[in-house]
Amino acid sequence: MPDLAPETILDTLGAILPRWTMGTAAAPQAQVWQAVLGDDPAEAELRLLAMAGQFLATCVVAQPPSPLQALPDVPPLTLPVVPERIRPLVRRTLAATREARPRTELLQFLAQRGWSVHPADWMPTASDEDAPDVYAPWRDWADRSAGASSGHAQASDPLTAENWDHFRPAARKVAFTVLRQHDPDGARALLEAKLAALGADERLRLVGVLANRLSQADAELLGQLATGDRAPKVKTMSAMLHARLGHGSGAGSEDAEELCAFFEFRTKGLLRRTRVLGACPIKTPAQAARRRQLFDMVDLAAFAAALGLGADDLPALWQWGESPDADVGLVAMVARSGSDGAVEAVAQVLAAAMSGMAPLAAELRPRLGTAGQAALARAALAAGETFTGVLSLAGGTGMNDNVIVSPAGKALLAALSANDTQTARGTAVVTGELVALGLIASRRAAVDALERIGRNGMAAADPRLDMLRLNAALDHSPAVASKEDL
């Protein structure tokens, strides 16, 4: 057979492959191989198929659609990757969480135990703001891979004015959060010096970090940003933080006075007369809409001042449960503009009367620390809240003991015993409860729950138990375990 150039053979295959696709003979078209195909038509097709397959497998390489780019190595994280034996469970659980919120809860659960996922199992995007801070180096790696400017600093490096530009945005936010925690005045001064050169999105993220260790020393900067920043979202964020310091822009305004007109002070109790603040009856849908609008516009300090109260005193006087819409409006107002003391006061009130209050309390979650969230979770479990409701309050902390003997646990076991999964809704409720149980339970509680659920007849290999099995199999990482031993 004469030597043939690959281009010649490739041109010949261009006429052969369409014929095979249509189911017709192609050997007569392979003129370059006629000398070796032979005279038997069937044998010629087989020989042509063998040679074409070998040529395509060994001599043809697909060209990339664009020039290849050598990416930097994926940076290591401060938390170790989950043990290899755990990775299949993590992959399955990640694959089952199609929505962003459950995936974030799982990542937070792993971080709480001191582990991170393997980069082959999950990688964040550059804009994945909900990813735990430990994944900031990977977000910056994704940003760098997309062709943004270079940088080399890590989130673990102390942030200074000199190395500010060496940080990428995600790592810079983590480093700024650390600086704010240890040196709030230095962090504020550094941000003030760098704000003018930042884009609106990064200004918004970094101004939000000022919520950590917020003090009157921040009032001047926040007041300037609330009125003078060029981005509406930054102005709103600054005004919200400014209001938490008692500098609400609406203090004494007509809006606050108008909102007060929807409420009235009363006394209750026969022997011990107690002063309370109740909602006036709403007569028309227009009035209800206007009250909701005012709740969104007025901050807590302004509302309390117009009522002649201190902002931290208002939650104790509020008639909770009398007007659900008003409760929603006040909790949102407190979460947006209340001081830490007001947030804690509302959280305590809701925890004491938790039945039906979980959706309201969930509004406060971003403002509560780990201890406050854990207290709410315990109160919710004791009050009979579902595991899904507790998860919305405290997130995937994996710290709650004895969950299977709580009212929600008993209800779950009863549903499993009654085989209450015959309908799509029943199946969805049980599946959601099992996943939430796996995220909120401590490791010991997860082991106990698996044992009790197994005794109720649920197969140990049921994929709905993956999150619970992952919890039971995953101990704290050595770094976290050593901290707990101290």
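Residue positions within a chain follow its written sequence, with the count starting from 1. The predicted nature of this model means local features are confined to residues of pLDDT at least 70 and side-chain atom pairs, given and counted, to a pLDDT of 80 or more, with totals for whole chains, interfaces and linings taken over all residues. Values shown for side chains rest on all heavy atoms present in the structure; no hydrogens or waters enter the calculation.

1. Observations concerning the overall build of the protein
To keep it simple, the criterion reads: Counting from the N terminus, the helices are the DSSP runs of H or I reaching at least four residues and the strands are the DSSP runs of E reaching at least two. For the radius of gyration, the atoms used are the C-alpha atoms, and the globule rule reads 2.2 Å times the number of residues raised to 0.38. When accessible area is computed with a 1.4 Å probe and restricted to protein chains, residues below 20% of their type maximum are described as buried, those above 50% as exposed, and intermediate ones as partly exposed. Residues are treated as being in contact if the distance between any of their heavy atoms lies within 4.5 Å. Positive charge is attributed to Lys and Arg, negative charge to Asp and Glu, and no charge count is given to His or to the chain ends. Charge placement uses NZ in Lys and CZ in Arg. For Asp and Glu, CG and CD serve respectively.
When you go through the protein residue by residue, the secondary structure sums to 25 helices and two strands. Rg of the C-alpha trace for the protein: 31 Å, well past the compact-globule value of 23 Å for 486 residues, more than 25% over. The dimensions of the protein, computed from C-alpha atoms along their principal axes, are 115 × 60 × 60 Å. Sorting the 486 residues of the protein into buried and exposed places 43% on the buried side. Within the protein, counting contacts between residues at least 6 apart in sequence, those at least 24 apart form 62% of the total. For the protein, the distance from the average position of its 47 positive side-chain charges to the average position of its 55 negative side-chain charges is 6 Å.

2. Focus on the nonpolar core
As a reminder, the rule being used: Take the buried Ala, Val, Leu, Ile, Met, Phe, Trp, Tyr and Cys residues and link them wherever side-chain atoms come within 4.5 Å; each set so joined is a nonpolar core.
Counting residues in each nonpolar core, the largest one holds 88 residues, and the members touching the most others are F263, F303, W318, L330, L364 and L437. Excluding residues within four positions of it along the chain, W318 makes contact with F263, L277, F295, F303, A326, D327 and L330. Among the nonpolar cores identified, the runner-up in size contains 24 residues, and A171, L191, L210 and L222 belong to it.

3. Some details on the environment of L307
In this fold, L307 is placed in helix α14 (residues 300-307). Classification of L307 as buried rests on a relative accessible area of 12%. With residues up to four places along the chain from it excluded, the contact list for L307 reads C260, F265, L277 and L314.

4. As for the side chain of H242
Using the following cut-off: Polar contacts, as counted here, are pairs of nitrogen or oxygen atoms within 3.5 Å of one another; within protein the pair requires one atom able to donate a hydrogen and one able to accept it, and residues that are adjacent in sequence qualify only if both atoms are side-chain atoms.
With respect to the helices, strands and loops of the structure, H242 is situated in helix α11 (residues 232-244). A polar side-chain atom of H242 sits 3.3 Å from the main-chain carbonyl oxygen of A219.

5. Comments concerning the state of the cysteines
How we decide: Cysteine sulfur atoms are paired as a disulfide whenever they fall within 2.5 Å.
Counting across every chain of the model gives zero disulfides. C260 carries a free sulfur, and the closest cysteine sulfur to it, the one in C280, is 11 Å from it.

6. Some remarks on the layout of surface pockets
Threshold: Put simply, the grid is 1 Å and covers the protein atoms alone, a cavity is a trapped set of points that fit a 1.4 Å probe, a pocket is an open set with protein on both sides within 12 Å along at least five of seven lines, and lining residues have an atom within 4 Å of a point. Grid points are joined across faces, edges and corners, and a volume is the space filled by probe spheres set on the points. Side-chain classes follow a simple rule in which Ala, Val, Leu, Ile, Met, Phe, Trp, Tyr, Cys and Pro form the nonpolar group, Asp, Glu, Lys and Arg form the charged group, and the remainder, Gly included, forms the polar group.
Quantified by volume, the largest pocket comes out at close to 2100 Å³. Listed by contribution, the elements that provide at least two residues to the lining of the largest pocket are α5 (100-112), α6 (136-145), α7 (169-182), α9 (200-209), α11 and α19 (370-382). Grouping the amino acids of the lining of the largest pocket by side-chain chemistry returns 22 nonpolar, 16 polar and 12 charged. Forming the walls of the second largest pocket are 24 residues, and the residues nearest its centre are A96, T97, P102, T431 and V435. Those elements that place two or more of their residues in the lining of the second largest pocket are α4 (87-96), α5, α20 (387-394), α22 (424-440) and α24 (466-473). Class assignment of the residues belonging to the lining of the second largest pocket gives a composition of 10 nonpolar, six polar and eight charged.

7. Topic: the environment of V234
You can see V234 is positioned in helix α11. With a relative accessible area of 1%, V234 lands in the buried category. As for V234 and Q348, which are separated by 114 residues in sequence, their C-alpha atoms are 31 Å apart. Those residues in contact with V234, other than ones at most four positions away along the chain, are A200, R203, L204, V207 and D229.

8. What to know about a nonpolar patch on the surface
For clarity, the cut-off: The patches reported here contain residues having more than 30% relative accessible area and no salt bridge. Joining distances are 9 Å for like charges and 5 Å for nonpolar side chains (Val, Leu, Ile, Met, Phe, Trp, Tyr). The Shrake-Rupley method, run with a 1.4 Å probe, gives the accessible areas here. Residue values count only the displayed protein chains as cover. The term salt bridge refers to a side-chain nitrogen of Lys or Arg lying within 4 Å of a carboxyl oxygen of Asp or Glu.
A contiguous nonpolar patch, built from L10, L17, L56 and V60 and spanning about 280 Å² of accessible area, is present on the exposed surface. Considering the arrangement of structural elements, one finds V60 in the loop between α3 (41-59) and α4. Look at V60 and you get partly exposed, because its relative accessible area is 33%.

9. Section: the packing of aromatic side chains
One pair of aromatic rings is described through two measures. These are the centre distance and the angle between the planes. Note the following rule: Any Phe, Tyr or Trp ring, taking Trp's six-membered ring, that has another such ring centre within 6.5 Å forms a pair; planes under 30 degrees apart are called stacked, those over 60 apart edge-to-face, and the others tilted.
Summed over the entire model, instances satisfying the criterion amount to seven aromatic pairs. Ring centres of F263 and F295 lie 6.0 Å apart, and the angle between their planes is 75°; this geometry places the pair in the edge-to-face category. Within this pair, whereas F263 is found in strand β1 (residues 263-268), its partner F295 is found in helix α13 (residues 285-297), the two being separated by 32 residues in sequence. Each of the two residues, F263 as well as F295, counts as buried. Taken together, the ring pairs in this structure connect F263, F295, F303, W318 and W320 into an aromatic cluster.

10. Notes on helix α10 (residues 219-228)
For α10, the set of buried residues is A219, L221, L222, G223, L225 and A226. Along its buried surface, α10 packs onto α8 (184-194), α9 and α11.

11. Digging into the pattern of salt bridges
Across all of its chains, the model carries 25 salt bridges by this definition. The closest approach of N and O atoms between E129 and R205, which form a salt bridge, is 2.7 Å. Within this pair, whereas E129 is found in the loop between α5 and α6, its partner R205 is found in helix α9, the two being separated by 76 residues in sequence. Residue R205 is classed as partly exposed on the basis of its relative accessible area, which comes to 21%.

12. So, the confidence of the model for the protein
The condition that has to hold: In predicted models, pLDDT denotes the confidence assigned by the predictor to each residue on a 0 to 100 scale.
For the protein, the mean per-residue pLDDT works out to 85, and 91% of the residues sit at or above 70. No element of the protein has a lower mean pLDDT than helix α25 (residues 478-485), at 62, and none a higher one than α24, at 94.

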